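Summary of structural features
Here is how the chains run, residue by residue.
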Amino acid sequence: MASSTEENYLKALLALDLEPGKESGSISVSELGQRLGVSVPTANSMVKNLHSKGLVDYQKYKPVSLTQEGRRQAALIVRKHRLTEMFLVDVMGFGWEEVHEIAEQIEHIDSQALFERMDRMLNHPTNDPHGSPIPNSMGELESNTYASLSNCQVGTAWEIKAIGDSSTDFLKYLNQRGMALGSHLEVLDREPFDASMRVRLNGEKEHLLSQPVCQMLLVEAR
């Protein structure tokens, strides 16, 4: 059984590996340390520890990568996190902006029965409240292929399917504008200078969205 700190490293390695445009197995120790907010020596020490357990492939001065078993374990941690978020929203009535920190704590509970019960009660969801895919019980993770709104053309219509930034501040921003998964967006105009977009939400109110906001709205054509 991995410690909570080891689990956080595995999850961070998986997240870095899955970043768009990231070449698999190209994660540096300094990049990992930056992701976790620790020094390079601290990250290097943990990577060596994970390597000794067969969870990470590591050679001095070379990129770090998860082994097959390390990737499986990392995906199962993500599964617990995302199932917990879904349970908190669907069963307990939390807002989607409230659940991340709670799930960060619960994901380290070592009880397969607890998370299997959650899964059954939720009728085996495939995505969390932010639209991110939930790995299955074998640690298999499928990637969504949604478009970023920032790449969509004027005059096209889209549905929000996932959020690329699940931070509390960003989700509150969306709440204030009435945007959620399933919301419909029509692209009305794009500003050439800063790539901001004017959109119509659910056929009614218009909003001006900055380029960073558009980048984080993952959509599917209607």
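For the structure itself, look to the data block above.
Residue indices begin from 1 for each chain and proceed along its sequence in written order. Since the coordinates come from a predicted model, pLDDT governs what is reported: local features require at least 70, and pairs of side-chain atoms require 80 or more to be given and counted, while whole-chain, interface and lining totals use all residues. The basis for every side-chain value is the complete set of heavy atoms in the structure, and neither hydrogens nor water enter the calculation.

So, about the layout of surface pockets. There is about 1,500 Å³ of room inside the largest pocket. Throughout, the protein atoms alone are placed on a 1 Å grid, and a set of points is a cavity if a 1.4 Å probe fits but cannot get out or a pocket if it is open with protein on both sides within 12 Å along at least five of seven lines; lining residues have an atom within 4 Å of a point. If you trace the largest pocket, you find 38 residues lining it, with Ala15, Arg35, Arg82, Ser132 and Gly164 closest to the centre. Helical segments are the DSSP runs of H or I of at least four residues, strand segments are the runs of E of at least two, and each set is numbered from the N terminus. Secondary structure elements with two or more residues in the lining of the largest pocket: helix H1 (4–17), helix H2 (29–36), helix H4 (68–90), helix H5 (100–106), strand S4 (157–163) and helix H8 (211–216). Broken down by element, the residue count for the lining of the largest pocket peaks at five residues, all from H1. Residue type decides the class: Asp, Glu, Lys and Arg count as charged, Ala, Val, Leu, Ile, Met, Phe, Trp, Tyr, Cys and Pro as nonpolar, and the leftover types, Gly among them, as polar. Its residues placed into classes, the lining of the largest pocket shows 14 nonpolar, 14 polar and 10 charged. Grid points are joined across faces, edges and corners, and a volume is the space filled by probe spheres set on the points. Considering only enclosed or pocket space, the second largest pocket measures out at about 550 Å³ in volume. Residue assignment for the lining of the second largest pocket shows that the elements contributing at least two residues are H1, H4 and helix H6 (112–121). For the lining of the second largest pocket, the leading source of residues is H4, giving six residues. Here the residues of the lining of the second largest pocket are counted per class, giving eight nonpolar, five polar and eight charged.

One broad trend across soluble globular proteins is that nonpolar side chains are buried collectively. Remark: nonpolar core denotes a set of buried residues (Ala, Val, Leu, Ile, Met, Phe, Trp, Tyr, Cys) joined through side-chain atoms within 4.5 Å. Here the term buried applies to any residue with accessible area under 20% of the maximum for its type, exposed to any over 50%, and partly exposed to those in between, with areas from a 1.4 Å probe on protein chains only. Core analysis: the biggest nonpolar cluster contains 22 residues, and Leu10, Leu13, Leu32, Leu50, Val56, Val64 and Leu66 have the highest contact counts within it. If you list the elements that add at least two residues to this core, you get H1, H2, helix H3 (40–52) and H4. The element best represented in this core is H1, accounting for six residues. Contacts are assigned to residue pairs with any non-hydrogen atoms lying within 4.5 Å of each other. In contact with Leu50, not counting residues within four places along its chain, are Glu6, Tyr9, Leu10, Leu55 and Val56.

Positive phi is not limited to glycine here, since Ala195 has a value of about 65 degrees. Residue placement: Ala195 occurs in the loop between strand S5 (184–190) and strand S6 (197–201). A residue is classified by how much of its surface remains accessible, and Ala195, at 25% relative accessible area, is partly exposed. Residue Asn202 is not a glycine yet carries a positive backbone phi of 50 degrees. For Asn202, the location among the structural elements is in the loop between S6 and strand S7 (206–209).

A few words now on the pairing of S5. Judged from the three bridges that link them, S4 and S5 form a sheet pairing that is antiparallel. Among the inter-strand pairings, Ala157 is bridged to a residue of S5, identified as Glu186. By this definition, two strands are paired if DSSP reports at least two bridges between them.

To characterise two packed helices, one gives the angle between the axes of the helices and the distance between these axes. Each axis is a line fitted through C-alpha atoms, and for a helix only the stretch in contact is used; angles between axes span 0 to 180 degrees, taken between their N-to-C directions. Viewed as axis vectors pointing N to C, H1 and H4 meet at an angle of 95 degrees, and their least axial separation amounts to 9 Å. One element, H1, and the other, H4, form an angle in the roughly perpendicular class. Residue-level inspection shows Glu7, Leu10, Lys11, Leu14 and Asp17 of H1 in contact with H4, the latter providing Gly70, Arg71, Gln73, Ala74, Ala75, Ile77, Val78, Lys80 and His81. When the residues that make up the contact of H1 with H4 are grouped by side-chain class, the tally is six nonpolar, three polar and five charged. By the definition adopted for this analysis, an angle is roughly parallel if under 35 degrees, roughly antiparallel if over 145, roughly perpendicular if from 65 to 115, and oblique otherwise.

Moving on, we come to the sheet that holds S5. Taken in spatial order, the six strands line up as S3-S8-S4-S5-S6-S7 in an open sheet, and their pairing is antiparallel. Each edge of the sheet is formed by a strand with only one pairing partner; in this case those strands are strand S3 (147–148) and S7. As paired strands, S4 and strand S8 (residues 217–221) are joined by five bridges and run antiparallel to one another. Looking at the pairing, Ile160 lines up with Val219 of S8. Helix-sheet contacts for helix H7 (residues 168–176) involve S4, S7 and S8, and the interaxial angle to S4 is about 145 degrees.

Taken by themselves, the reported measurements are silent on function.
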